[in-house]
Amino acid sequence: AKGLPVSLTAFRDAALAAYVAEILETRPITAIYVFSGQMGQYVPDGWHGRVVMDFVDVDSAKFDAYGGEGRGPMRWINAREGRLLRREEARLAARADLGLLISDQEAALFRSRLLPGELAASTIRVMGNGIDSQAFDPATVAPAANILDCEGPRMIFTGQMDYAPNDAAARRVIERILPRVREAVPGASFHIVGRNPAPDLLAMHGKDGSFVWGRVEDMRCWLKGADLALVPLEIARGVQNKVLEAMAMALPVVLTPGAATGIGARDGEHLRIAESDAALAEAAIALLRDHRAAAELGNAGRRFVCEKASWRAALADLPDLLGLRAGSVRDAA
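First, a word on scope: everything that follows refers to the structure included in this document.

Calculation rules
- Residues numbered from 1 in each chain as written.
- Predicted model: local features only at pLDDT ≥ 70, side-chain atom pairs only at ≥ 80, totals over all residues.
- Heavy atoms only, no water.
- Phe/Tyr/Trp six-rings, centres within 6.5 Å; stacked < 30°, edge-to-face > 60°.
- Helix = DSSP H or I, 4+ residues; strand = E, 2+ residues; numbered from the N terminus.
- Buried < 20%, exposed > 50% of the residue type's maximum accessible area, 1.4 Å probe, protein only.
- Expected span 1.5 Å × (residues − 1).
- Bend = angle between axes of the 7 residues up to and from the residue.
- Axes fitted to C-alpha atoms, helices over the stretch in contact; angles between N-to-C directions.
- Parallel < 35°, antiparallel > 145°, perpendicular 65-115°, else oblique.
- Contact = heavy atoms within 4.5 Å.
- Nonpolar A, V, L, I, M, F, W, Y, C, P; charged D, E, K, R; others polar.
- Patch = residues over 30% accessible without salt bridge, like charges linked within 9 Å, V, L, I, M, F, W, Y side chains within 5 Å.
- Areas by Shrake-Rupley, 256 points an atom, 1.4 Å probe, with all protein chains shown as cover.
- Salt bridge = Lys/Arg side-chain N within 4 Å of Asp/Glu carboxyl O.
- Disulfide = S-S within 2.5 Å.
- Core = buried A, V, L, I, M, F, W, Y, C linked by side-chain atoms within 4.5 Å.
- Pairing = 2+ DSSP bridges.

1. So, the packing of aromatic side chains
Within the structure shown, the criterion is met by 4 aromatic pairs. Ring geometry for Phe-55 versus Phe-110: centroids 4.6 Å apart, planes at 40 degrees, classification tilted. On the criterion of sequence distance, the pair formed by Phe-55 in strand β2 (residues 50-56) and Phe-110 in helix α5 (residues 104-112) is long-range, its members being 55 residues apart. A single burial state applies to Phe-55 and to Phe-110, both of which are buried. Consider the rings of Trp-213 and Trp-222, whose centres lie 5.0 Å apart with planes at 50 degrees: the pair is tilted.

2. Some points on helix α8 (residues 164-184)
Working note: α-helix, 3.6 residues per turn, so residues spaced by three or four point in the same direction. For α8, spanning 21 residues, the distance from its first C-alpha to its last is 29 Å, which sits close to the expected 30 Å at 1.5 Å a residue. The largest bend in α8 amounts to roughly 50 degrees and is located at Ile-177, with the proline Pro-179 lying one to four residues further along.

3. Re the environment of Ile-156
You can see Ile-156 is positioned in strand β5 (residues 154-158). Using a relative accessible area of 1% as the deciding quantity, one classes Ile-156 as buried. Along the primary structure Ile-156 and Arg-86 are separated by 70 residues, whereas in three dimensions their C-alpha atoms are 34 Å apart.

4. Quick word on the packing of helix α11 (residues 241-248) against helix α14 (residues 291-308)
Look at α11 against α14: their axes get within 7 Å of each other, and the N-to-C directions meet at 115 degrees. Comparing the axis directions of α11 and α14 gives the class roughly perpendicular. Taking contact as the criterion, the partners of Leu-244, Met-247 and Ala-248 in α11 are, on α14, Gly-298, Gly-301, Arg-302, Phe-304 and Val-305. Across the contact of α11 with α14, the residue classes break down as 5 nonpolar, 2 polar and 1 charged.

5. Digging into a nonpolar patch on the surface
Together, Met-74, Trp-76 and Ile-77 make up an exposed nonpolar region whose accessible area comes to about 340 Å². With respect to the element layout, Trp-76 can be found in helix α4 (residues 72-95). What makes Trp-76 exposed here is its relative accessible area of 59%.

6. A few points about the pattern of salt bridges
Under the defined criterion, the tally for this structure stands at 16 salt bridges. When the shortest N-O distance is used, the salt bridge between Asp-200 and Arg-171 registers 2.9 Å. Residue Asp-200 is located in helix α9 (residues 199-202), and its partner Arg-171 is located in helix α8; the two are separated by 29 residues in the primary sequence. Accessibility expressed as a relative area gives 44% for Asp-200, which makes it partly exposed. Classification of Arg-171 as buried rests on a relative accessible area of 16%. One salt bridge connects Glu-296 with Arg-292, and the closest N-O pair in it is separated by 3.4 Å. One end of the pair, Glu-296, and the other, Arg-292, are both in helix α14, 4 residues apart, so they sit about a helical turn from each other.

7. Comments concerning the state of the cysteines
Across all of its chains, the model carries 0 disulfides by this definition. With no disulfide partner, Cys-150 has as its closest neighbouring cysteine sulfur the one in Cys-221, 16 Å distant. Here Cys-306 is not cross-linked by a disulfide; its sulfur's nearest cysteine counterpart is in Cys-221, at 18 Å.

8. Some points on the nonpolar core
Core analysis: the biggest nonpolar cluster contains 62 residues, and Met-155, Val-181, Met-247 and Val-253 have the highest contact counts within it. Membership of the second largest hydrophobic core comes to 21 residues, among which are Val-58, Leu-92, Ala-107 and Leu-114.

9. Describing the sheet that holds β5
The strands that make up a sheet pair up through hydrogen bonds in the backbone, lying either parallel or antiparallel. Here 6 strands make up an open sheet; going across it, the order is β7-β6-β5-β8-β9-β10 and the pairing parallel. The open sheet terminates on both sides in strands that have one partner only, identified here as β7 (210-214) and β10 (272-273). In this fold α11 packs onto β5, β8 (228-231) and β9 (253-255), with an angle of close to 155 degrees to the strand it touches most, β9. Packed on one face of the sheet, helix α13 (residues 277-289) meets β5, β8, β9 and β10 and runs near 170 degrees to β9.

Functional significance is not addressed by these values, which are geometric in nature.
Written out as structure tokens, the structure is:
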């Protein structure tokens with residue numbers, strides 16, 4: 001009714017806004033780092049310090065995609081959300097001293113959605129994602145007992161399962177990819193691990209090689225117990241942490257081009273990229289049958305993450321982005 005994006009309204013909180021205002025008034029804050037477009041509303045218009053706006057990925061494009069594929073009222077709602085979020089993203093990019101996207105692809109997409117005047121008023125750079133490769137190390141954990149109870153090759157998909165693209169990817173495997181795999185590799189199973197699966201998805205647990213586990217205490221244990229990570233996302237923005245986590249755990253990964261975007265790993269060397277159901281199934285079958293090739297791919301993936309996607313490498317430029325120099329005063333709110 002107010003012409004605002006649903007996303008902004010959902011994250012609006014008067015107490016948090018008051019807290020931010022108090023901190024800025026009482027502490028010598030010189031820079032604000034904003035994580036995700038929904039949080040940009042908390043930066044006061046009259047504040048004159050440095051603002052770094054980390055969009056991560058292009059949220060408005062996701063809702064555009066939902067609007068293009070949906071039906072009924074949700075099609076209109078998602079299209080509206082995409083349109084209004086694009087406007088908010090442009091406002092925030094102009095408001096900030098610097099806008100960050102997680103990959104070259106996301107940065108190019110973000111720029112392409114700005115009008116000429118909006119683009120001229122914005123400074124957009126890339127800061128990639130990272131992962132704690134010491135924590136996500138297969139040598140540090142034991143496999144989860146529940147997944148080991150399933151004999152035969154085990155494929156895994158991880159993530160927040162009330163997120164529409166994750167839900168769609170899991171159903172794609174269950175309905176269209178897993179049956180192909182099980183024809184060639186009898187006994188193969190598919191394990192969905194992550195919070196808040198839909199009730200009808202949860203009802204598929206234990207049927208035809210599919211297992212839906214919901215929230216778990218330590219995702220590393222489940223990755224350690226799997227033989228392959230299968231990530232057939234059809235709508236994917238930014239860099240997929242689930243892929244980096246699986247690679248760090250030396251797990252061979254088969255994924256779609258969208259899920260591989262922004263990671264920088266090479267197809268065939270660090271992971272396997274395929275797009276169609278048949279190609280994804282074929283790649284998975286080949287790795288499940290060839291244990292040596294799977295181990296080589298998994299180990300290469302872990303080396304890539306340790307060398308290219310560690311937090312030290314990902315955040316090396318952060319002090320300069322925030323305007324911090326050696327000896328400068330820092331005040332952590």
